[in-house]
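Residue-level structure breakdown
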Amino acid sequence: MTLRRAVLSASILLVVSFVGTAAAAPPNVLLLFTDDHAAHAMSCYGSKVNKTPHLDRIAQEGMRFEHCYVGNSLCGPSRATILTGKHSHKNGFKKNGDRFDGSQMTFPKLLQQAGYQTAMIGKWHLESDPTGFDHWEVLVGQGPYYNPPMIRNGERVKHEGYTTEIIGDLTQQWLDRRDPNKPFLLMTQHKAPHREWQPGPRYFDMYKDEEIPEPATLFDDYGGRASPARTQTLSIAREMNDLDLKLVPPKNLTPEQLKLWHAAYDAENEAFHKANLQGSELVRWKYQRYMKDYLRCVAAVDDQVGRVLDYLDRNDLTKNTVVIYASDQGFFLGDHGWFDKRFMYEECYKTPFLVRWPGVTHPGTVNRDLVSNLDFAQTILDIAGAKADPEMQGLSLVPLLKGATPKDWRKSLYYHYYEFPAVHSVQRHYGVKTTRYKLLYFYHLGEWELFDLERDPHELHSVYNDPGYAQVQQELIGELQRLREEYQVPEDPKPVDPPPGAARKKKKAA
Ligand SMILES: [Ca+2]
């Protein structure tokens, strides 16, 4: 080849590759989402209790966010925040049981307007019907682990089998029949590993002869903190029921499923009843039973994640699909002796967040900036090249995904939990978190907590009013006030107790 020809072909290559970039189709977005999956039950986050090879693959081929937190650690509110990019007080969904106003702007609607086909499959949990989706098939409320009825575009349909696997099947079926000429947004939202942690038959034998390591705080005495840590009802020792502990089977199994269930649990249950465990030994047994079932549910999710990643590979979709994994919030895995969530404590306040964006995000990177589920909407819109809604309150994470965090990136996050009085009796609180410190205010009690996460990572000793932290405390109170003003958070008045007899009267009137 002559020099001239070589230069000419190089220029053609350059032109071709430039045109290729400029005209590149907007990427597909696959959001894989779970319910109550704590980051400390994922091996890519350093789990001591399980392995999640398929989720780890997303981290290895993309970016793992080490400090992703939620604005309100509860199922419905987290979902509403993700859809709208707004805090609970702005999108109107503060507590489970609220009804999502589907007429408000959401990121799937904006993607639809930008030419995306959009689909939502799995757990929705927002009371009103999904809006902004060309196709939706969702569980009814929480939905059961087995044989779930679902609502497909407004029509009730029946399924038989294990819900996590059914959601995996529906995901592939939708991908098979989508319009290949349009980019897609697909949200696959698992019910697992929510309470009551019912594993599928394929997972009954997992961890059978293993001891799951206990967390350091399983026998926390709740000293050194404000009163809500003592008055909650999240306790493994006291609040787990027979259904949680698999001492009785779920009610909606087919005869064949019931047979497998008895084969899995009966012998262990018999030994348990015979042993008549008490005190800490009983707590330890409950912890093992809880964790094994929780982790079996996680394993099923991990397998379905692997399955859809394989699908993308087989169908030449990997390169042009951004894969995101997140949970609606974390969970207490025996930490502080608890299950469930709600508190602004690390284990359930933090949520796992992985993003694989081929050709943009450097594989295997870890980001340590403060990010939030408030940012998901604007991030996904930015990835798609679509405009965000001006009322959205988060930030686009695209610069972080490109490896260039802006110098003025946020230094704090706002939190607000509202569901009290309610199940699990966690008091209403708001708070602020920085990389090192966390300030919580239980505002209807007038009680504060301040934690130095560097010295006290398990949050066991509040240093509120400790003279050594006077300046930190003052700065955080100021920062909390600043955030409340920035996000325009109204005062949350204390619910008035109904006068004695009011419930009875109301019932009579109805
Ligand atoms: Ca949840």
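Scroll up to find the structure.
What comes next concerns the included structure. (Residues numbered from 1 in each chain as written. Predicted model: local features only at pLDDT ≥ 70, side-chain atom pairs only at ≥ 80, totals over all residues. Heavy atoms only, no water.)

**Observations concerning the overall build of the chain**
Helix and strand content of the chain: 15 helices and 16 strands. Taking 24 Å as the expected radius of gyration for a compact globule of 510 residues, we find that the chain reaches 24 Å, a close match to that expectation. Taken along the three principal axes of its C-alpha coordinates, the chain extends 90 × 60 × 50 Å. Looking at the 510 residues of the chain, the share that counts as buried comes to 58%. Sequence-distant contacts in the chain: of pairs separated by 6 or more residues, those separated by 24 or more amount to 68%. When the accessible surface of the chain is totalled, it reaches about 22,600 Å², and 54% of it is carbon and sulfur. (Helix = DSSP H or I, 4+ residues; strand = E, 2+ residues; numbered from the N terminus. Rg over C-alpha atoms; globule rule 2.2 N^0.38 Å. Buried < 20%, exposed > 50% of the residue type's maximum accessible area, 1.4 Å probe, protein only. Contact = heavy atoms within 4.5 Å. Areas by Shrake-Rupley, 256 points an atom, 1.4 Å probe, with all protein chains shown as cover.)

**Examining the state of the cysteines**
Considering all chains together, one arrives at 0 disulfides under this definition. Sulfur of Cys297: no disulfide; nearest cysteine sulfur belongs to Cys75 and is 14 Å away. For the unlinked cysteine Cys348, the closest cysteine sulfur is that of Cys75, found at 11 Å. (Disulfide = S-S within 2.5 Å.)

**Side note on the nonpolar core**
In terms of nonpolar packing, the biggest core is built from 67 residues, with Ile58, Tyr290 and Tyr294 touching the most fellow members. Elements represented by at least two residues in this core include exactly strand 1 (28–34), helix 2 (53–61), strand 4 (117–122), helix 6 (163–177), strand 8 (184–189), helix 9 (255–275), helix 10 (279–314) and strand 9 (321–327). The element contributing the most residues to this core is helix 10, with 17 residues. Within the second largest apolar cluster, 44 residues are counted, among which are Leu31, Phe33, Ala377 and Leu401. (Core = buried A, V, L, I, M, F, W, Y, C linked by side-chain atoms within 4.5 Å.)

**Digging into the environment of Gln104**
Its place among the elements puts Gln104 in the loop between helix 4 (88–91) and helix 5 (107–113). Here Gln104 falls in the buried class, since its relative accessible area comes to 11%. As for Gln104 and Lys292, which are separated by 188 residues in sequence, their C-alpha atoms are 40 Å apart. In contact with Gln104, other than residues within four places in its own chain, are Thr84, Lys86, Lys90, Asn91 and Lys109. Polar contacts involving the side chain of Gln104 include one to the main-chain carbonyl oxygen of Asp101, which spans 3.1 Å. (Polar contact = N/O pair within 3.5 Å; in protein donor to acceptor, adjacent residues only side chain to side chain.)

These values are about where atoms sit, not about what they do.
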